[in-house]
Amino acid sequence: MYVDVILPLALPENLTYSVPAELIEDIKIGCGVVVYVQNKMYSAIVQKIYDDEPKPFTVKPVISLIDKKPAVNRQQLDFWIWIAEYYMCTVGEVMNAALPSRLKLQSKTHFSALICNVDITAREAELYSIIEKEEKVTLQQLIKRSARKAIIPTLKTMLEKEIICVDEDIEAKYKPKTKTVVKLSKTIKNEDELNIRINSLKKARMQEKLLLYYLSLSENIDFANPVKISKTLLLSETGISSHVLNTCIEKQIFETEEIETSRIETEDVETHDLKKLTAAQQNALDEINKNFETKNTVLLHGVTSSGKTEIYFKLIEAQLQRGKQVLFLLPEIAITQQLLVRLKKVFGNKVGIYHSKYGENERVEVYNNVIGKSYHQKYFIITGVRSALFLPFSSLGLIIVDEEHDSSYKQHDIAPLYNARDAAIMLAQIHGAKTLLGSATPSIESFYNARRGKYGLVQLSERFGKALLPKAETANILSAFAKNQMNGHFTKPLLDVMFAALKNKEQIILFQNRRGFAPYLQCDNCGEIPRCKNCNVSLAYHKNTNNLRCHYCGYSVNLYRTCEKCGSEKLNKKGLGTEKIEDEIRIIFPESRTAIFDTDSMRTRNAYVKTMTDFENHEIDILIGTQMISKGLDFDNVSVVGILNADSMLNFSDFRAHERAFQLMTQVGGRAGRREKTGRLIIQTCNPENKTVRDVIDNSYENLFARQIAERREFCYPPFVRLINITLRHKDINILNQAACRIACRMRTLLGEYVLGPEQPAVNKIQNKFISNILLKITKKTSLVQTKKMLRQCISHLQAEQVFRQVAIQTDVDP
């Protein structure tokens, strides 16, 4: 028997191994196995099993089987393969993204000492003594303990002299958490024997107290299967020392056992029935179900605070009644916690959560729970961000993609560069499930697909209850500057409504889509701007750490006191970030309580939860944030939302700039007035008559859609063409330009004028590598499959040449 396996490596194709006779009966598709790759051991997933001997090469055998139960099901494998083919990456890269790292095993190289009967140098003697002291030493440990860093040449000579040897050991990264429980000794088999033990403790009062407390927790004693009580709980409740418990164990009254427990905090939640839907919500729900009879995907276009979540809950309830699983996708980790609380109030502990803020062991626990390898109640509802798509669902009935327009659903950095919204539709198709896309501001592509009839379309145009949409208005920054009416970066209209809100004990959200204090520092004398030494970008000033930081590579330096170029002390902080807004707020509203909500301040899971809880409990008056605050958060006391600078979003070199600006402004404005009182949205801009700004004021998505779809049809952008962006990186700009020109010229033979570039982006160097971009437009007349095939060949031929081997090439489908 032979198997093709997927390895967590960027290999162009899967590797083949033979199956030892003792594993033939147990090995199945989806099972994890341990294999050798270039003398290093890795865990791999079995994708294919067959009997025909591969020729003309010999194959290595599988070393071992990790678990008889498959770690990955067939639907997952089909999904991985689709992701790899569509997004032009390897299946190994998909596996790397899909599985928690604790489930991916990789061997470590260990050095062991042999008998030394030869002459060795002083350097060799130093390393030999370190290795000899311990049974096994890793390379990292040797480097740490040795006075020298360049030890690899010395280790090579020691291997040649056969005074040390190398071993590869693989160890499980995931270790289940356990706790000690106390139960009656198995030697106590009936009530008579128990009474004998109790009577024997008359003179040992503490031991007697411990036993009687244990018995008080057991209503009916089952001697064959006695109650297990946490050791920590037993000792803390009785106030008795562990020494007393150990004595009871020696007397065979108690015995202890280690049982597996969860790292994820769970508590019994009192569940409530679902709320009754309004007439508008019920109509929308009926339309969704009717559309699902003929469509696999439905778009729910509902205004902010229209009660879409309650409709989601009704759909989830229907799936649970059928015994199906539900995946509830959200764009940001920040809102998963708030939604989790609401879900648990209705569905209890059937709900699980999955995202990158969980530790690796916690993510393995959720993964095992979904696959059915957990001792806890199985999760039937998973809420999480895009990575939750890769969980091992076996009976998926519905996928809900909330805020489907959000750019956070797109993976931007590491392959696979997938869009979770589009991938969710394919995952649902693989499972025979349905997909519901929900948004107050749908993406142009999704709304176009719904208008064409590819998706079902359901619209919900009124807010829940008596809530009204916020009253939106603009504040002219240029006019305010001309009249000397600016207070810092705040216009008078915005400050007036903020004063009124704080007077009425109401809360405020301020939106500025730039973190830090100031985007850059500039010398007033010579104009010099400090830049990152690794990237072609200015350093942003962060007041909380008092340093200049690069937002691309993380490089930071202490704040300069004088200009490095001319020595002048006239260094001014330019631009506007969330920290600077907070600084100005503390001057204007010294009594107010403020908090920042951006990626710098929300680096831990607890930071998210604390800020959200404090704001919900009215312990924060003014919340200042980036786009994170625009996404689905529901607070009933927010009456004012201020957008500090709309122009920075509109004047961005991206064909989606106006679409995203409309979405951000509408979504963040939707946080205001979510109950009976009408909220206020103030948009500060230099151009109040901008058409997109007017669409936000008039809450007219239809106008925006009509204008955007006309522009995209004229200039050939999605949804009328498919895009593939090719990014090349290399430390030598000349080699980079040659490689980019080669690919662009080759692709023009197929696509002609629909190849744009190569062009350098605005930030053309990151982490000491220059960058060049090529954009491919694939019209409906051109085969997407043929284009991808040609591009793969082109990249493969280019990287086969020695001079271009180090050029990093990344393809981004549907950027």
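Above this text you will find the structure in question.
For clarity, every value in this text was computed on a predicted model and none was experimentally measured.

Peer 1: Go over the packing of aromatic side chains, please, and point to the residues and values.
Peer 2: Any two aromatic rings considered together are summarised by their centre-to-centre distance and by the angle between their planes. The full count for this structure, using the stated rule, is 18 aromatic pairs. Here the aromatic rings of Phe517 and Tyr541 are separated by 5.4 Å at their centres, their planes lie at 75°, and the arrangement is edge-to-face. In this pair, Phe517 is assigned in the loop between β20 (507–511) and β21 (520–523) and Tyr541 in strand β22 (residues 540–542), connecting sequence segments 24 residues apart. Of the two residues examined, Phe517 and Tyr541, each falls in the buried class. Grouped by ring-pair contacts, the aromatic residues Phe79, Trp82, Tyr86, Tyr87, Phe390 and Tyr418 constitute a single cluster. When the ring centre of Tyr541 is taken as origin, the NZ or CZ atom of Lys573, which lies over that ring, is 5.1 Å away.

Peer 1: I'd like a rundown of the sheet that holds strand β1 (residues 2–6), residues and numbers included.
Peer 2: Note: strands within a sheet are paired through backbone hydrogen bonds, in either parallel or antiparallel orientation. With antiparallel pairing, five strands are arranged side by side in an open sheet as β2-β1-β4-β3-β5. Here the strands that pair on one side only, and so sit at the sheet edges, are β2 (15–18) and β5 (64–65). Two strands pair when backbone bridges link them, and strand β3 (residues 32–37) and strand β4 (residues 40–50) are joined in this way by six bridges, in the antiparallel orientation. Counted as the bridge partner of Val34 is Ser43 from β4. Helix α1 (residues 74–86) rests against β1 and β4 of the sheet, and its axis sits at about 105° to β4.

Peer 1: For the pairing of strand β29 (residues 680–685), give the residues involved together with the corresponding values.
Peer 2: In terms of burial, β29 is a largely internal element, five of the six residues being buried. One ladder, built from four bridges, connects strand β28 (residues 638–643) with β29; its direction is parallel. Following the sheet pairing, Val641 is matched in β29 by Leu681.

Peer 1: Got a sec to walk through the pattern of salt bridges? Specific residues and values, please.
Peer 2: Counted according to the given criterion, the structure contains 27 salt bridges. For Glu310, the salt bridge goes to Arg342, with nearest N and O atoms at 3.1 Å. With Glu310 in helix α11 (residues 308–321) and Arg342 in helix α12 (residues 333–347), this pair connects stretches of sequence that are 32 residues apart. Two residues, Arg421 and Glu404, come together in a salt bridge whose shortest N-O distance is 3.3 Å. Highlighted residues: Arg421 in helix α14 (residues 420–431) and Glu404 in the loop between β16 (396–402) and α14, separated in sequence by 17 residues. Both residues of the pair, Arg421 and Glu404, belong to the buried class. In the salt-bridge network here, residues are joined through shared partners; they are Lys183, Lys186, Lys228, Glu255 and Glu257.

Peer 1: Give a description of the sheet that holds β20 that names residues and reports values.
Peer 2: With parallel pairing, six strands are arranged side by side in an open sheet as β19-β29-β28-β20-β27-β26. Because the sheet does not close on itself, it has two edges, and the strands there are β19 (471–476) and β26 (594–597). The sheet shows a mean angle of 20° between the axes of neighbouring strands, direction not considered. Strand direction decides the pairing type here: β20 and strand β27 (residues 622–625), joined by four bridges, are parallel. Looking at β27, one finds that Phe511 is bridged to Gly625. Against the sheet, helix α22 (residues 691–698) touches β19 and β29, its axis set at about 150° to β19.

Peer 1: Summarise the environment of Ile581; cite the residues concerned and give the values.
Peer 2: Residue position: Ile581 is located in helix α18 (residues 578–588). A relative accessible area of 0% places Ile581 in the buried class. In this structure the C-alpha to C-alpha distance between Ile581 and Ala518, which are 63 residues apart in sequence, comes to 9.8 Å.

Peer 1: Tell me about the packing of helix α21 (residues 657–669) against helix α23 (residues 701–715), and please be specific about residues and values.
Peer 2: Running from amino to carboxyl end, α21 crosses α23 at an angle of 165°, the nearest separation of the two axes being 10 Å. For the element pair α21 / α23, the angle class is roughly antiparallel. Like other packed secondary-structure pairs, α21 and α23 cross with a definite hand, here left-handed. On the side of α21, the interface is formed by His658, Glu659 and Phe662, while α23 contributes Tyr701, Leu704, Gln708 and Arg712. Here the contact of α21 with α23 is built from residues that sort into three nonpolar, two polar and two charged.

Peer 1: Please give an account of unusual backbone geometry that cites residues and values.
Peer 2: Following Pro718, the chain continues to Pro719 via a peptide bond in cis, the omega torsion being 15°. When you line up the elements, Pro719 lands in the loop between α23 and β30 (722–730). Here the bond from Gly757 into Pro758 is cis, since omega is 10°, no more than 30 degrees from zero. Secondary-structure assignment places Pro758 in strand β31 (residues 755–759). The residue Gln252 is not glycine, and still its phi comes out positive at about 60°. Inspection of the secondary structure puts Gln252 in the loop between α9 (242–250) and β11 (254–261). Located in the positive-phi region is Asn546, a residue other than glycine, with phi close to 50°. By the element assignment, Asn546 lies in the loop between β22 and β23 (547–549).

Cut-off values and rules
- Residues numbered from 1 in each chain as written.
- Predicted model: local features only at pLDDT ≥ 70, side-chain atom pairs only at ≥ 80, totals over all residues.
- Heavy atoms only, no water.
- Phe/Tyr/Trp six-rings, centres within 6.5 Å; stacked < 30°, edge-to-face > 60°.
- Helix = DSSP H or I, 4+ residues; strand = E, 2+ residues; numbered from the N terminus.
- Buried < 20%, exposed > 50% of the residue type's maximum accessible area, 1.4 Å probe, protein only.
- Lys NZ or Arg CZ within 6 Å of the ring centre and 35° of its normal.
- Pairing = 2+ DSSP bridges.
- Contact = heavy atoms within 4.5 Å.
- Axes fitted to C-alpha atoms, helices over the stretch in contact; angles between N-to-C directions.
- Salt bridge = Lys/Arg side-chain N within 4 Å of Asp/Glu carboxyl O.
- Parallel < 35°, antiparallel > 145°, perpendicular 65-115°, else oblique.
- Left-handed = near helix turned anticlockwise from the far one by under 90°.
- Nonpolar A, V, L, I, M, F, W, Y, C, P; charged D, E, K, R; others polar.

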